[in-house]
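Given next are the chains, with one letter for each unit.
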Amino acid sequence: MTQTVKLILEDGTEIQGKSFGAFTSAAGEVVFSTAMTGYPENLTDPSFAGQILVLTYPMVGNYGVPGEDLYESISKIFESDKIHIAGLVVNYYSEEHSHWHAAKSLGDWLAEYNIPGIFDVDTRLLTKKLREKGAMLGKIVAEEDVPLHDPNQDNLVAQVSPTEVKHYGSGKNKIVLVDCGTKTNIIRCFLERDVELIRVPWDYDFTTLDYDGLFLSNGPGDPKMCEPTISNLQKALQQDKPIFGICLGSQLMGLAAGGDTFKLKYGHRSHNQPVKLTGTQRSYITSQNHGFAVDTDTLPAEWTMLFENLNDGTCEGIKHVSKPFFSTQFHPEAAGGPQDTEFMFDDFLKAVEEYKEGK
Ligand SMILES: NC(=O)CC[C@H](N)C(=O)O
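Numbering of residues starts from 1 in each chain and follows the order in which that chain's sequence is written. Only residues with pLDDT of at least 70 are given local features in this predicted model, and only at 80 or more are side-chain atom pairs given and counted; all residues enter the totals for whole chains, interfaces and linings. To get the side-chain values, take all heavy atoms of the structure and skip hydrogens and water.

Engineer: If you had to explain the overall build of the protein to someone new, which residues and values would you point to?
Structural biologist: Each helix is a run of DSSP H or I of at least 4 residues and each strand a run of E of at least 2, with the numbering of both proceeding from the N terminus. When helices and strands are counted, the protein shows 8 helices and 24 strands. Throughout, the radius of gyration refers to the C-alpha atoms, and the reference size of a globule is 2.2 Å times the residue count to the power 0.38. The C-alpha atoms of the protein give a radius of gyration of 20 Å, which matches the 21 Å a tight globule of 359 residues would have. By the burial criterion, 58% of the 359 residues in the protein qualify as buried. Residue contacts follow a heavy-atom distance rule, with two residues in contact if any of their heavy atoms lie within 4.5 Å. Nonlocal contacts in the protein, meaning residues at least 24 apart in sequence, comprise 73% of its contacts between residues at least 6 apart. For the accessible areas, the method is Shrake-Rupley and the probe is 1.4 Å, while residue cover comes only from the protein chains on display. Of the roughly 14700 Å² that the protein leaves accessible, carbon and sulfur atoms contribute 46%. The convention is simple: Lys and Arg are positive, Asp and Glu are negative, and His and the chain ends are not counted. Every charge is mapped to an atom, namely NZ of Lys, CZ of Arg, CG of Asp or CD of Glu. Across the protein, the mean location of the 31 positive side-chain charges is 3 Å away from that of the 50 negative side-chain charges. In this scheme, a residue with accessible area under 20% of its type's maximum is buried, one over 50% is exposed, and one in between is partly exposed, where area comes from a 1.4 Å probe on protein chains only.

Engineer: Account for the domain arrangement of the protein, naming residues and giving values.
Structural biologist: Taken domain by domain, the protein comprises domain 1 (4–152) and domain 2 (156–358). What marks off one domain from the next here is an automatic or database domain assignment. Look at where the C-alpha atoms of domain 1 and domain 2 centre, and you get two points 26 Å apart. In this assembly, 33 residues from domain 1 lie in contact with 30 residues from domain 2. Of the roughly 2500 Å² buried between domain 1 and domain 2, counting both surfaces, carbon and sulfur atoms make up 52%. Accessible-area loss on putting two parts together, using a 1.4 Å probe and summing over both, is the definition of buried area adopted here. Sorting the residues of domain 1 by area buried against domain 2 places Ile74, Glu79 and Asn152 first, and these three jointly supply 25% of that buried surface. What counts as a salt bridge is simple: a side-chain nitrogen of Lys or Arg found within 4 Å of a carboxyl oxygen of Asp or Glu. At the junction of domain 1 and domain 2, the tally comes to 2 salt bridges. As a salt-bridge pair, Glu29 and Lys263 come within 2.6 Å of each other at their nearest N and O atoms.

Engineer: Which residues make up the UniProt feature "active site" (unreviewed entry) in the protein, and what are the values?
Structural biologist: Annotation from UniProt places "active site" (unreviewed entry) at Cys247, His331 and Glu333. For the annotated residues, spread through 87 residues, the largest C-alpha to C-alpha distance comes to 11.0 Å, consistent with a single compact locus. Looking at the element boundaries, Glu333 is found in the loop between β24 (325–328) and α8 (343–358). Not counting the four nearest positions on each side in its chain, Glu333 is found in contact with Lys183, Asn185, Ile186, Cys189, Ile246 and Phe345. We call two N or O atoms a polar contact when they sit within 3.5 Å, provided that within protein one can donate a hydrogen and the other can accept it, with sequence-adjacent residues counted only if both atoms are side-chain atoms. Only 3.1 Å separates the side chain of Glu333 from the side chain of Lys183, close enough to count as a polar contact. UniProt positions are given in the numbering used here, feature names are shortened, and annotations may be inferred rather than shown by experiment.

Engineer: Break down the pattern of salt bridges for me, with residues and values.
Structural biologist: For the structure on display, the rule yields 18 salt bridges. Put simply, Arg188 and Glu79 hold a salt bridge, and the shortest N to O gap is 3.2 Å. Here the residue Arg188 occupies a position in helix α5 (residues 184–191), and Glu79 occupies one in the loop between β8 (74–75) and β9 (87–89), the gap between them amounting to 109 residues. Of the two residues examined, Arg188 and Glu79, each falls in the buried class. A salt bridge links Lys172 to Glu353; the shortest N-O distance between them is 3.4 Å. With Lys172 in the loop between β14 (166–168) and β15 (173–179) and Glu353 in helix α8, the pair connects residues that are 181 residues apart, well separated along the chain. Judged by its relative accessible area of 52%, Lys172 falls in the exposed class. We classify Glu353 as partly exposed; its relative accessible area is 27%. Shared partners join several salt bridges into a network, and the residues in it are Asp11, Lys129 and Lys133.

Engineer: Explain the packing of aromatic side chains to me, using residue names and the numbers behind them.
Structural biologist: Any pair of Phe, Tyr and Trp rings, taking the six-membered ring for Trp, is counted once the centres come within 6.5 Å. Such a pair is stacked with planes under 30 degrees apart, edge-to-face with planes over 60 apart, and tilted for the rest. Following the criterion strictly, the structure yields 18 aromatic pairs and no others. When the centroid spacing of 5.2 Å and the interplanar angle of 75° are considered together, the rings of Phe190 and Phe215 count as edge-to-face. Here Phe190, found in helix α5, pairs with Phe215, found in strand β17 (residues 213–216); they are 25 residues apart in sequence, far enough to count as distant. Here the two residues Phe190 and Phe215 agree in accessibility, since each one is buried. Between Phe307 and Phe330, the ring centres sit 4.9 Å apart and the planes meet at 80°, which makes this aromatic pair edge-to-face. Note that Phe307 is positioned in strand β22 (residues 307–309) and Phe330 in the loop between β24 and α8, a separation of 23 residues in sequence. Site record: aromatic cluster; members linked through ring pairs are Phe190, Phe215, Phe244, Phe326, Phe345 and Phe348. Placement of a charge over a ring requires the Lys NZ or Arg CZ to be within 6 Å of the ring centre, with the centre-to-atom vector within 35 degrees of the ring normal. For the cation-ring pair, Lys241 lies above Tyr211, with the distance from its terminal atom to the ring centre recorded as 4.1 Å. The ring of Phe292 carries Lys263 above its face, with NZ or CZ at 5.7 Å from the centroid.

Engineer: Could you give me a rundown of the nonpolar core, with the residues and numbers involved?
Structural biologist: By nonpolar core is meant a set of buried Ala, Val, Leu, Ile, Met, Phe, Trp, Tyr and Cys residues that side-chain atoms within 4.5 Å join together. Val176, Val178, Leu214, Ile243 and Trp303 are the most contacted members of the largest nonpolar core, which totals 29 residues. Every element with two or more residues in this core is listed here: β15, β16 (195–201), β17, α6 (227–236) and α7 (248–256). Residues contacting Ile243, with those up to four places away along its chain left out, are Leu214, Leu216, Leu233, Ala236, Leu237, Met253, Pro324, Phe325, Phe326 and Phe348. In terms of nonpolar packing, the next biggest core, distinct from the first, is built from 26 residues, Phe190, Val195, Met344 and Val352 among them.

Engineer: Any chance you could break down α6 for me, citing the residues and the numbers?
Structural biologist: Every buried residue of α6 is listed here: Thr229, Ile230, Asn232, Leu233 and Ala236. Relative to the axis of α6, the buried residues are bounded by an arc of 165° and lie together on one face. In the core, the buried residues of α6 are packed alongside β15, β17, β18 (243–246), α7 and β24. For this quantity, the arc is that covered by the directions from the helix axis to the C-beta atoms.

This is the structure:
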């Protein structure tokens, strides 16, 4: 029998719904995504750590959850090796699922990781509230009440980053990937491009390593929590080796450059965020998942905005005016979402080749 659970927001809103996944209570920051597909990818994206995710797409679970498949010891399917969200809020949960690759139901998968889900919630109405008031703390309450908890006060990157260095591939360009909670599709995108990848923990002193290019990954929480990464990055910015950052990596680059970051009112989480390449009329449709952004007004003179969000005008990437340092706030690796900006990986590796030729 389906049990009743509640979603409670910090402004006092209480919404009654039905339980799926684990029948347990959990607190976090309530954020919404308007993506129409991709829950296996979203739920395993480490950037969602600490967040209760509201999906506006009305029917969820109908294609189940794919079976695991490995490639070079990383998942071919998922964006990390576990579910990272704190809870899931949907409108209609489809008990039935059907897909050639489905191995289990979404509810069973959530239960495996002890993550609660709540359905029968008007997630579009809830999203309107989150857009008006901004992202809020909240909790899914089953039997036991739990206190509200702000995950942005925690060092979430330290919780999701690996503790050991790992090596992948044997290509001609040696790239250090600073893993603050990387999505596996970033690793796949590099391995498809003739790269030897050295994946290091968020606080690892990579400045001592021999490499051709530096990459900063996405990750959860407030970028200002990543002090060791920022100070290592500041050393790398003194050199000329190419640096590329995605999402949290873009925010870390902004902070290391001397700029500031701020929390957006309700974040960008979807697969259809329009961005414009600065200095052109060219726009791209991008996959995004972020709640913070670089404040471009605070950047030193040698840095500029590379992409601008066409919905709210906020910064979607930065670049150095003369050195090969650049970033995107959106996800060129997508997973899920459109792959239109995957060329950013090619641009980065081109910069790496040019750096090696000029050395
Ligand atoms: N996907 C990410 O890397 C997110 C970065 C950061 N945690 C934010 O919410 O803005």
